[in-house]
Amino acid sequence: MVVTLSLGEFNLTWMLHTPLTKTLPIGLADSYASMRLEVASAYTLIFFVMIIPLLVAMQMFADQEQKR
Amino acid sequence: MPHKSFVWLCLLPLAMLTAAFFLLPMARLVVTGAEGPQGLAGYLAILVEPRYRATLINTVLLAAATTIVTLVVATVAGMFLQRHRFPGRAVLIAMLTFPLAFPGVVVGFLIILLAGRQGLIGDLSNRMFGEKLVFAYSIFGLFLGYLYFSIPRVILTIMAAVQKLDTGLEEAARSLGASPWAVQRDVVLPALGPAFVASGAIAFATAMGAFGTAFTLATNIDVLPMLIYTEFTLAANFATSAALSVGLGIIARDCIRNARSDAGRRRSRSLCVACAGRAALPYCRGNHHPAAGDSRARDCAGAAVHPPGLQRFSPLVAVYPHRSCHLHDAVHGVIRDGGFRDDRYQDPGRRRSIARRSAVAPLS
């Protein structure tokens, strides 16, 4: 939960970010807001690719612990 | 270094962070709230001003509805996912947890993509019915967005709680004749109660304070975080927005606290009923039966009345008070015979003899 929430942290970053410290959620929101949907889809895909394997790995890890 | 000072030293970074980023800003906020033209009375504005009050009620109702529907959906899904293994289960759980990573603004945009004026649902309904269905900017669209990011927060807690459930209790209820729905209603859901309260509190607090989704979607509706934002940025009403923020925090905390204490009170009351029920039955041989209102009833339900092996069945006793003695005999018979084993219930003759010995009528 900590990992996913930190990856998606938006409110604080929106207030404090500069072009040099842009994070992924800011890029995502920017591209959705300017209706550049292809860029937005690309960003969303990056999110998916980063987080889903991590979550799957955590699930498997938890299952292994349970089996033991 | 002595142990105690080591512990304090370890807590120091957390204390500094909490003080710097939470306590000091909160104190400044509280002070700012009282600096407006109305002074301290500005804090009552959230209840007194009709527009603020309507917004507050809107927000509380939306958060409550989100919490309830989230709990229902997450419980059903969580129980299934925890108790069944199938290929792709890990990926499915990952996809259900994934929305945690999305900022609220993006969830709002996703709802617009789905149900906005150029949205997918509008397109489909246009082709099917000739009428474009657009609900992204209504309270229903906002509700869907809140549901989307609340489910991940709740489902993990529920799944962990389901994992810890004692299946022996469900087997006991089933073997005593309870229908599957009665097993869920009387054994599983009460046992999951604390998980409901804990995860429901998180979902409620998040829904009350959610800003990003409301920012993107709430054009006609007002929710409290949006009100605070507009007062702060558009009207530069620092005192009002500070007072509203403090009000939001206090109200969210009170709702959660009420839910917690209500859940605790209901559980202790049912234990008293169990004792009262046992007292009414003539052949109950327990030695002390305080009346239902007696404060000692809460203590007696666990220890004195039941033999040690029956502790784990006390939830069943609590919900079937008038049958508690039957249940006691039935379960005590099982324990005397050597505890629960699966093969015991394979033999229908054995099952019937256990039931007959305690003269239990089927519980429906």
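Shown above is the structure to which this text applies.
As the structure is a computational prediction, the values presented were derived from the model and not from experiment.

Rules used in this analysis
Residues numbered from 1 in each chain as written. Chains lettered and ligands numbered in written order. Predicted model: local features only at pLDDT ≥ 70, side-chain atom pairs only at ≥ 80, totals over all residues. Heavy atoms only, no water. Helix = DSSP H or I, 4+ residues; strand = E, 2+ residues; numbered from the N terminus. Buried < 20%, exposed > 50% of the residue type's maximum accessible area, 1.4 Å probe, protein only. Contact = heavy atoms within 4.5 Å. Areas by Shrake-Rupley, 256 points an atom, 1.4 Å probe, with all protein chains shown as cover. Buried area = accessible area lost by both parts, 1.4 Å probe. Nonpolar A, V, L, I, M, F, W, Y, C, P; charged D, E, K, R; others polar. Core = buried A, V, L, I, M, F, W, Y, C linked by side-chain atoms within 4.5 Å. Polar contact = N/O pair within 3.5 Å; in protein donor to acceptor, adjacent residues only side chain to side chain. Axes fitted to C-alpha atoms, helices over the stretch in contact; angles between N-to-C directions. Parallel < 35°, antiparallel > 145°, perpendicular 65-115°, else oblique. Left-handed = near helix turned anticlockwise from the far one by under 90°. Phe/Tyr/Trp six-rings, centres within 6.5 Å; stacked < 30°, edge-to-face > 60°. Salt bridge = Lys/Arg side-chain N within 4 Å of Asp/Glu carboxyl O. Patch = residues over 30% accessible without salt bridge, like charges linked within 9 Å, V, L, I, M, F, W, Y side chains within 5 Å.

### Overview of the overall build of chain A
Inference 1: Regarding its fold elements, chain A presents 4 helices and 0 strands.
Inference 2: Listing every helix and strand of chain A by position from the N terminus yields α-α-α-α.
Inference 3: Out of the 68 residues belonging to chain A, those deemed buried represent 29%.
Inference 4: Of the contacts formed within chain A by residues at least 6 apart in sequence, a portion of 21% connects residues at least 24 apart.
Inference 5: On chain A, roughly 4,500 Å² of surface is accessible, and the fraction owed to carbon and sulfur atoms is 70%.

### Topic: the interface of chain B and chain A
Inference 1: With 22 residues of chain B at the contact, the number on the chain A side is 23 residues.
Inference 2: The contact between chain B and chain A buries some 2,100 Å² in all, and 79% of this surface belongs to carbon and sulfur atoms.
Inference 3: Within the side of chain B that touches chain A, the residues separate by chemical class into 16 nonpolar, 3 polar and 3 charged.

### A look at helix 3 (residues 24-33) of chain A
Inference 1: For helix 3 of chain A, a buried count of 7 out of 10 residues is recorded, marking the element as mostly surrounded by other parts of the structure.
Inference 2: Among the residues of helix 3 of chain A, those classed as buried are A:Pro25, A:Ile26, A:Gly27, A:Leu28, A:Ala29, A:Ser31 and A:Tyr32.
Inference 3: For helix 3 of chain A, the secondary structure elements touched by its buried residues are helix 1 (2-7), helix 2 (11-16) and helix 4 (37-67) of chain A together with helix 5 (104-115) of chain B.
Inference 4: The positive-phi residue at the C-terminal boundary of helix 3 of chain A is A:Met35, with phi of around 60°.

### Thoughts on the side chain of B:Thr70
Inference 1: Looking at the element boundaries, B:Thr70 is found in helix 3 (residues 50-83).
Inference 2: Given a relative accessible area of 0%, B:Thr70 falls into the buried group.

### Let's talk about the nonpolar core
As a rule of thumb, soluble globular proteins bury nonpolar side chains together.
All names here are of chain B.
Inference 1: Of all hydrophobic cores here, the largest spans 58 residues; its most connected members are Leu142 and Tyr146.
Inference 2: Broken down by element, this core gets its largest block of residues, 7 residues, from helix 5.
Inference 3: Apart from the residues within four sequence positions on either side, Tyr146 is in contact with Leu62, Thr66, Ala207, Ala210, Thr213, Ala214 and Val223.
Inference 4: Core analysis: the next-biggest nonpolar cluster, separate from the first, contains 21 residues, Ala74, Ile155, Met159 and Val183 among them.

### What to know about helix 8 (residues 167-175) of chain B
Residue and element names in this part refer to chain B.
Inference 1: Every buried residue of helix 8 is listed here: Gly168, Leu169, Glu170, Ala172 and Ala173.
Inference 2: Residue Asp166 occupies the N-cap position of helix 8, its side-chain oxygen lying 3.0 Å from the main-chain nitrogen of Gly168.
Inference 3: Backbone geometry just after helix 8 places Gly177 at a positive phi near 105°.

### Looking at the packing of helix 3 of chain B against helix 10 (residues 193-209) of chain B
Residue and element names in this part refer to chain B.
Inference 1: For the pair helix 3 and helix 10, interaxial distance at closest approach is 9 Å and the crossing angle is 140°. The angle between helix 3 and helix 10 falls in the class oblique. Considering the relative orientation of helix 3 and helix 10, their crossing is right-handed. Every residue of helix 10 that contacts helix 3 at Thr59, Val60, Ala63, Ala64, Thr66, Thr67, Leu71 and Thr75 is listed here: Phe196, Ser199, Gly200, Ala203, Phe204, Ala207 and Met208.
Inference 2: Grouping the amino acids of the contact of helix 3 with helix 10 by side-chain chemistry returns 9 nonpolar, 6 polar and no charged.

### Overview of the packing of aromatic side chains
Inference 1: Evaluated as defined, the whole model comprises 13 aromatic pairs over all chains.
Inference 2: Measuring from ring centre to ring centre gives 5.4 Å for B:Phe232 and B:Phe238, while their planes differ by 65°; the resulting arrangement is edge-to-face.
Inference 3: Of the residues examined, B:Phe232 reaches a relative accessible area of 44% and is grouped as partly exposed.
Inference 4: Among the aromatic residues, ring-to-ring pairing joins A:Phe47, A:Phe48, B:Phe98 and B:Phe102 into one connected group.

### Overview of the pattern of salt bridges
Residues and elements named next belong to chain B.
Inference 1: All told, the structure shown has 6 salt bridges over all chains when counted by the stated rule.
Inference 2: The salt bridge partner of Arg253 is Asp254, with a shortest N-O separation of 3.4 Å.
Inference 3: Looking at Arg253, the relative accessible area reads 44%, which means it is partly exposed.

### Some remarks on a nonpolar patch on the surface
Inference 1: A surface patch of nonpolar side chains, amounting to about 520 Å² of accessible area, comprises B:Phe6, B:Val7, B:Trp8, B:Leu11 and B:Leu14.
Inference 2: Relative to the helices and strands, B:Leu14 resides in helix 1 (residues 3-33).

### Let's talk about the side chain of A:Thr44
Inference 1: Tracing the backbone through its elements, the reader meets A:Thr44 in helix 4.
Inference 2: Of the polar contacts made by the side chain of A:Thr44, one reaches the side chain of A:Tyr32; its length is 3.3 Å.
Inference 3: Residues contacting A:Thr44, with those up to four places away along its chain left out, are A:Leu28, A:Tyr32 and B:Phe102.

### Quick look at the environment of B:Thr216
Residue and element names in this part refer to chain B.
Inference 1: Relative to the helices and strands, Thr216 is located in helix 11 (residues 212-217).
Inference 2: A residue is classified by how much of its surface remains accessible, and Thr216, at 13% relative accessible area, is buried.
Inference 3: On a C-alpha basis, the gap between Thr216 and Ile112 in space is 8.7 Å, while along the polypeptide they are 104 residues apart.
Inference 4: When sequence neighbours within four positions are dropped, the list of residues in contact with Thr216 reads Val105, Gly108, Phe109 and Ile112.

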